[in-house]
Amino acid sequence: MNTNKNFSKISAVTSFSILASILAIGCGGAPQPILSANNTQTPVTVSYVDPMTTTSVPTANLNGAYNYSFDLQNSVRSCNNGGTPTPSGISVGSYSTSGISTDNVFKVEVTSGSPTAIPCTGYVANYSCLQFKVTVGSRSEDVKVSYGSPQSGPCAGVPSTKTLNFNDQASVGHGPLAVVISQPKSDNCRAYGSVLYTGCPMAPIYDNQIVSGTLGVITNHQ
């Protein structure tokens, strides 16, 4: 019996197994999917294990979604006919959500609502898009969202929904963040003599006019 030759074979097999294990982990300690008990490629519910620490690390979880609807007036004046210029539940000047908790993701999706009759007059000031100032934390962005499918004027090609990224406001140590909507504008042609037509330069909405919209706020708060 050649003991040395058998020992060499065992050593070679062992070395190959160790090398295969190292290659399976991946270069640079890259996280690898956890395999199920039958060793198939079906990931287990927990995301993956970092081979350098053997600690379970959760994947990004964007299930912290919040939805809001708003009705906003830019300015108000009394009705000559004795009517109510601001119905109940309407925000004047600005609309704000409550504070929303997140870790480091904060995105705001804005969608416009349809034109409605103006209190006191009953006129419907048509528009093909609305513009809002959106503020989160210390930063503001102007966003324009369409109503319908405008083919000309300042609203041509404007999407019906726009998503804004405010992740920079979700820094370490921040508190709950609110979304503030203000300064509504539209492409209504009232400055040119008609509330029926659209496609004119963007301008502040009428006194007492109510514009509406919806907000979707995406976070990664667990």
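Along every chain, residues carry numbers that run from 1 in the direction the sequence is written. For a predicted model such as this one, the threshold for reporting local features is a pLDDT of at least 70, and the threshold for listing and counting side-chain atom pairs is 80 or more; totals across whole chains, interfaces and linings nevertheless cover every residue. Side-chain figures throughout are based on the complete set of non-hydrogen atoms in the structure, without hydrogens or water.

Novice: Even after reading the chapter, I still don't get the overall build of the chain, so can you show me in this structure?
Specialist: Starting at the N terminus, helices and strands are each numbered in turn, a helix being any DSSP run of H or I of at least four residues and a strand any DSSP run of E of at least two. From N to C terminus, the chain includes 1 helix and 13 strands. Across the chain, helices and strands are ordered from the amino to the carboxyl terminus as α-β-β-β-β-β-β-β-β-β-β-β-β-β. Think of it in three bands: residues with accessible area under 20% of the maximum for their type are buried, residues over 50% are exposed, and the middle band is partly exposed, with areas taken using a 1.4 Å probe on protein chains only. By residue count, 31% of the 222 residues in the chain fall in the buried class. The contacts in the chain between residues at least 6 apart in sequence include a share of 65% that link residues at least 24 apart. The criterion used for residue contact is that any of the two residues' heavy atoms lie within 4.5 Å.

Novice: It is not clear to me how the nonpolar core should be interpreted in this structure. Could you clarify?
Specialist: Soluble, globular proteins show a tendency: their nonpolar side chains are buried together. Membership of the largest hydrophobic core comes to 25 residues, with the highest contact counts inside it found for Phe106, Val108, Phe132, Val134, Val179, Ile181 and Leu215. With 4 residues, the top contributor of residues to this core is strand S8 (residues 129–136). Discounting chain neighbours no more than four positions away, the residues touching Val134 are Val108, Val110, Arg139, Ser140, Glu141, Val143, Leu164, Phe166, Val179, Val180 and Ile181. The set of buried Ala, Val, Leu, Ile, Met, Phe, Trp, Tyr and Cys residues whose side-chain atoms join them within 4.5 Å is what this entry labels a nonpolar core.

Novice: Would you mind going over the state of the cysteines with me for this structure?
Specialist: Note on terminology: disulfide describes a covalent bond linking the sulfur atoms of two cysteines. Any pair of cysteine sulfurs within 2.5 Å is marked as a disulfide. One pass over the structure, following the stated rule, counts 3 disulfides. Shown here is the disulfide that connects Cys129 with Cys155, its sulfur atoms set 1.9 Å apart. Judged by the torsion about the S-S bond (-55 degrees), the Cys129/Cys155 disulfide is left-handed. In this pair, Cys129 sits in strand S8 while Cys155 sits in the loop between strand S9 (139–146) and strand S10 (161–165), placing the two residues 26 residues apart along the sequence. You'll find Cys129 and Cys155 in the same group, each marked buried.

Novice: Just checking my understanding: could you explain the side chain of Ser194 for this structure?
Specialist: Mapped onto the elements of the fold, Ser194 is located in the loop between strand S11 (179–188) and strand S12 (198–204). Of note is the side chain of Ser194, whose polar atom sits 3.0 Å from the backbone nitrogen of Leu196. When near neighbours in sequence (up to four residues on either side) are disregarded, Ser194 contacts Asn188 and Cys189. The term polar contact refers here to a pair of N or O atoms within 3.5 Å; inside protein, the definition further demands a hydrogen-donor-capable atom paired with an acceptor-capable atom, and it admits residues adjacent in sequence only when both atoms are side-chain atoms.

Novice: So what exactly am I meant to see when it comes to the environment of Val158 here?
Specialist: Mapped onto the secondary structure, Val158 falls in the loop between S9 and S10. Along the backbone, Val158 and Lys144 are 14 residues apart, and their C-alpha atoms lie at a distance of 6.9 Å. Ignoring sequence-local partners within four residues, the contact set of Val158 consists of Lys144, Val145 and Ser146.

Novice: Would you explain the side chain of Asn188 in this entry?
Specialist: In this structure, Asn188 sits in strand S11. Residue class for Asn188 comes out buried when judged on its relative accessible area of 6%. Of the polar contacts made by the side chain of Asn188, one reaches the backbone nitrogen of Arg190; its length is 2.9 Å. With near-sequence residues (within four places) excluded, Asn188 lies in contact with Ala125, Asn126, Ser194, Val195, Tyr197, Cys200 and Tyr206.

Novice: Help me understand the layout of surface pockets, please; the structure alone is not making it clear to me.
Specialist: The probe, sized like a water molecule, is rolled over the atoms to show the empty space still left. The calculated volume of the largest pocket comes to roughly 270 Å³. Site definitions follow a grid-based scheme: protein atoms alone, a 1 Å grid, a 1.4 Å probe that fits but cannot get out for cavities, and for pockets an open set with protein on both sides within 12 Å along at least five of seven lines, plus lining residues having an atom within 4 Å of a point. What lines the largest pocket is a set of 14 residues, and nearest its centre among them are Arg77, Cys120, Thr121, Asp207 and Asn208. Any residue that is not Ala, Val, Leu, Ile, Met, Phe, Trp, Tyr, Cys, Pro, Asp, Glu, Lys or Arg is counted as polar, Gly included; the first ten are nonpolar and the last four charged. Partitioned by chemical class, the residues of the lining of the largest pocket number 7 nonpolar, 5 polar and 2 charged. Grid points are joined across faces, edges and corners, and a volume is the space filled by probe spheres set on the points.

Novice: Hey, could you run me through the packing of aromatic side chains in this one?
Specialist: By convention here, two paired aromatic rings are described through the distance between centres and the angle between planes. For Phe, Tyr and Trp, where Trp contributes only its six-membered ring, two rings pair if their centres lie within 6.5 Å, and the inter-plane angle classes them as stacked under 30 degrees, edge-to-face over 60, or tilted in between. In this structure the tally under the stated criterion is 3 aromatic pairs. Taking the centre distance of 5.4 Å and the plane angle of 85 degrees together, the rings of Phe70 and Phe132 count as edge-to-face. Note that Phe70 is positioned in strand S4 (residues 64–73) and Phe132 in strand S8, a separation of 62 residues in sequence. By relative accessible area, which is 0% here, Phe132 ends up buried. Between Tyr127 and Tyr147, the aromatic rings sit 6.1 Å apart at their centres with planes inclined by 65 degrees, giving edge-to-face as the arrangement. Highlighted residues: Tyr127 in the loop between strand S7 (106–112) and S8 and Tyr147 in the loop between S9 and S10, separated in sequence by 20 residues. For Tyr147, a relative accessible area of 38% translates into the label partly exposed. Following the ring pairs from residue to residue traces out a cluster consisting of Phe70, Tyr95 and Phe132.

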